[in-house]
Amino acid sequence: MLKALKTAGHAIKLWYDEIYILLFANMFWFLLQFPIVTGPAATATMYAIARKVVRNEKIELRSILSDMRVMFLPALTWGILNLIVIGVLAVNFIVYQDQYGLVWGVLRVAWGSIALLWIGANMFYWPFWLAQSDRRLITTFKNSIIFLFKEPVFSLSIMLANALLIVVGTIMRVPVVVVLISWVTLIGVLAVEKGLIENGADDSPEKT
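Residues numbered from 1 in each chain as written. Predicted model: local features only at pLDDT ≥ 70, side-chain atom pairs only at ≥ 80, totals over all residues. Heavy atoms only, no water.

Student: Quick question: what am I supposed to make of unusual backbone geometry here?
Tutor: As a rule of thumb, non-glycine residues mostly have phi less than zero, and peptide bonds are mostly trans rather than cis. The residue Ile36 is not glycine, and still its phi comes out positive at about 70 degrees. Judged by its relative accessible area of 64%, Ile36 is exposed. The residue Asn56 is not glycine, and still its phi comes out positive at about 60 degrees. Mapped onto the secondary structure, Asn56 falls in the loop between α3 (39–54) and α4 (61–95). Since its relative accessible area comes to 54%, Asn56 is described here as exposed. (Buried < 20%, exposed > 50% of the residue type's maximum accessible area, 1.4 Å probe, protein only. Helix = DSSP H or I, 4+ residues; strand = E, 2+ residues; numbered from the N terminus.)

Student: Whenever I open this one, α4 confuses me. Can you help?
Tutor: Its maximal kink placed at Phe72, α4 deviates by approximately 55 degrees, while the proline Pro74 follows within four residues. Those residues of α4 that are buried are in contact with α2 (19–31), α3, α5 (102–131) and α6 (137–150). (Bend = angle between axes of the 7 residues up to and from the residue. Contact = heavy atoms within 4.5 Å.)

Student: Looking at this structure, how should I read the nonpolar core?
Tutor: Side chains of nonpolar character tend, in soluble globular proteins, to be buried together. Of all hydrophobic cores here, the largest spans 55 residues; its most connected members are Ile49, Val53, Met71, Phe124, Trp126, Ile158 and Leu186. Listed by contribution, the elements that provide at least two residues to this core are α1 (2–17), α2, α3, α4, α5, α6, α7 (152–171) and α8 (176–198). Residue contributions to this core peak at 11 residues, all from α8. Excluding anything up to four places from it in sequence, Trp126 contacts Ala44, Tyr47, Met71, Pro74, Ala75 and Trp78. (Core = buried A, V, L, I, M, F, W, Y, C linked by side-chain atoms within 4.5 Å.)

Student: Explanation requested: the packing of α2 against α3 in the structure shown.
Tutor: Helix-helix packing is characterised by the crossing angle of the two axes and by the distance between the axes. Where α2 meets α3, the axes come as close as 9 Å, and the angle between the chain directions of the two elements is 165 degrees. The angle between α2 and α3 falls in the class roughly antiparallel. For the pair α2 and α3, the crossing hand works out as left-handed. Contacts between α2 and α3 pair Leu22, Ala25, Asn26 and Trp29 from the former with Gly39, Ala42, Thr43, Met46, Ile49 and Val53 from the latter. Within the contact of α2 with α3, the residues separate by chemical class into 7 nonpolar, 3 polar and no charged. (Axes fitted to C-alpha atoms, helices over the stretch in contact; angles between N-to-C directions. Parallel < 35°, antiparallel > 145°, perpendicular 65-115°, else oblique. Left-handed = near helix turned anticlockwise from the far one by under 90°. Nonpolar A, V, L, I, M, F, W, Y, C, P; charged D, E, K, R; others polar.)

Student: Whenever I open this one, α5 confuses me. Can you help?
Tutor: Turn by turn, an α-helix covers 3.6 residues, leaving residues three or four places apart pointing in a common direction. Counted at 1.5 Å a residue, the expected span for α5 with its 30 residues is 44 Å, and the 43 Å between its end C-alpha atoms agrees. The largest bend along α5 reaches roughly 35 degrees and is located at Tyr125, with the proline Pro127 sitting one to four residues downstream. (Expected span 1.5 Å × (residues − 1).)

Student: Would you take a moment to explain a nonpolar patch on the surface for this structure?
Tutor: A cluster of nonpolar side chains, Val91, Phe93, Ile94, Val95 and Tyr96, forms an exposed patch at the surface whose accessible area comes to about 440 Å². Structurally, Val95 is set in helix α4. (Patch = residues over 30% accessible without salt bridge, like charges linked within 9 Å, V, L, I, M, F, W, Y side chains within 5 Å. Areas by Shrake-Rupley, 256 points an atom, 1.4 Å probe, with all protein chains shown as cover. Salt bridge = Lys/Arg side-chain N within 4 Å of Asp/Glu carboxyl O.)

From the geometry alone we can't say anything about function, so treat these as descriptive.
And the structure:
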């Protein structure tokens, strides 16, 4: 848990250091959710921006638009898959909410576990996609899930840290919609980058 909190703290520091760029990017992301079809690409681009911040790379509007263009189709595929998986899980919970008994209890636990695993895998999906050479959907999800199982405590703690940031931001009346995606993407990128460095797969410098 301590490792996750340090990662979250590092993410907030990076966010503060690049507050104006990230506020602009966050609002850009928010506006692109309305057309729906551009939402997944905007989310993927936020991860690309977060990776540049972590790596202390220069961020320009031209590079943001270029990243979004390159990631549009992969992100759209990712978004459609998410819509299907989340839709199926939601339908299961809603349609069978009045069903009781041991079997249904076990099924709800299974659905909840799948949902938790899916959320975790998606949190690390784009950091892995950006870091790896094989960017196929199945390969990226495989790497994300392997990361979850290799670092279960850390991964769960990262998810809890994200939830804590949302709660604290709400209590402090921070306009969460303006900062949330920046926090989530920075935390996700930092977690994966640290994991890759610790395993000798990436020696890129981090911004401190």
